[in-house]
Amino acid sequence: MKLVTYNVNGIKARLPRLIEYLAEEQPDVVCLQEIKCSDDTFPIADIEGAGYGAIWHGQKGFNGVAVLAKGMTPVERQRGLEGEPEDEHSRYLECEVEGLVVASIYLPNGNPQPGPKFDYKLRWMERLAARARVLLDAEQPVVLMGDYNVIPNDDDTFSVRAMADDALMQPESRAAYRRLLAQGWTDALRTRKPKGGVWTFWDYQAGAWQRDAGFRIDHLLLSPQAADRLADAGVDKAYRGREKASDHAPTWVRLT
């Protein structure tokens with residue numbers, strides 16, 4: 001199975017690229033982030049026309065997550081995270097596909113920091129950790145994938161200096177990510193590319209793509225039962241260079 005996380009940065013604007021990707025790569029499961037559309041405007045007809053079923057948790061104009069599965073509709077398990085009933089952001093969608101539990105995650109950016117947005121990011125990460133612990137305790141194959149908005153290590157960015165003040169690379173953000181991993185999760189891409197230097201995001205500004213000035217913020221975390229099946233992981237980088245592409249590249253893991 002090829003499982004993909006893909007922040008599309010607006011599914012309506014990026015629909016031709018997404019359909020193109022589905023046709024060319026034929027992934028089994030795709031978790032989307034930043035679909036930026038309401039539930040009733042999600043382009044389900046186009047997705048189904050490409051051979052995929054889908055569930056989605058939309059929000060007009062920003063955020064929004066979805067899960068696509070080839071030839072079937074994922075079975076929804078949970079949308080949203082417990083802990084803050086007043087939180088209406090569409091950032092978490094959990095489902096099951098052929099015995100595999102997958103979650104599409106769009107973690108808060110947290111900028112500017114310090115401030116309320118950064119505080120929300122850290123609280124959200126603790127809420128995610130609480131859910132992750134429940135999933136681990138069930139001893140099932142689970143993949144938590146998405147845009148975590150965390151640069152875990154110095155070699156996960158083109159420039160430590162350029163990102164030093166960003167919420168994505170603060171000690172608190174990194175510590176929360178490490179605590180999550182310490183529960184027993186495997187960072188699939190890091191495991192396959194342990195020397196770093198692999199990017200999943202290139203900003204639209206300052207010629208970042210042309211300069212290869214990117215960083216790694218899209219992660220696929222595997223439970224022990226899923227990690228036992230890890231065959232490979234990587235980034236379909238070329239899709240970032242296509243016309244009107246997202247600023248993220250599809251990032252994937254292959255399980256036996």
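Calculation notes
- Residues numbered from 1 in each chain as written.
- Predicted model: local features only at pLDDT ≥ 70, side-chain atom pairs only at ≥ 80, totals over all residues.
- Heavy atoms only, no water.
- Helix = DSSP H or I, 4+ residues; strand = E, 2+ residues; numbered from the N terminus.
- Contact = heavy atoms within 4.5 Å.
- Axes fitted to C-alpha atoms, helices over the stretch in contact; angles between N-to-C directions.
- Parallel < 35°, antiparallel > 145°, perpendicular 65-115°, else oblique.
- Nonpolar A, V, L, I, M, F, W, Y, C, P; charged D, E, K, R; others polar.
- Core = buried A, V, L, I, M, F, W, Y, C linked by side-chain atoms within 4.5 Å.
- Buried < 20%, exposed > 50% of the residue type's maximum accessible area, 1.4 Å probe, protein only.

## A short note on the environment of leucine 136
Next up, step 1: Tracing the backbone through its elements, the reader meets leucine 136 in helix H3 (residues 116-137).
Next up, step 2: Placed 86 residues apart in sequence, leucine 136 and leucine 222 show a C-alpha to C-alpha distance of 9.7 Å.
Next up, step 3: Sequence-distant contacts of leucine 136, defined by excluding residues within four places in its chain, comprise Gln183, Gly184, Trp185, Ser223 and Pro224.

## Some points on the packing of H3 against helix H5 (residues 171-182)
Next up, step 1: Between H3 and H5, the least distance of the axes is 10 Å, while the angle of their chain directions is 5°. Between H3 and H5, the angle is such that the two are roughly parallel. Judged by residue contacts, Phe118, Lys121, Leu122, Met125, Glu126, Leu128, Ala129 and Ala132 of H3 engage Glu172, Ser173, Ala176, Tyr177, Arg179 and Leu180 from H5.
Next up, step 2: A class-by-class count of the residues in the contact of H3 with H5 yields 9 nonpolar, 1 polar and 4 charged.

## A short note on the nonpolar core
Next up, step 1: Membership of the largest hydrophobic core comes to 28 residues, with the highest contact counts inside it found for Leu3, Val67, Val102, Val143, Met145, Val253 and Leu255.
Next up, step 2: Excluding its chain neighbours within four sequence positions, the residues that come into contact with leucine 3 are Val29, Leu100, Val143, Met145, Leu220, Thr251, Trp252, Val253 and Leu255.
Next up, step 3: If you look at the next biggest cluster of nonpolar residues, it comprises 23 residues, including Tyr92, Leu135, Leu144 and Tyr148.

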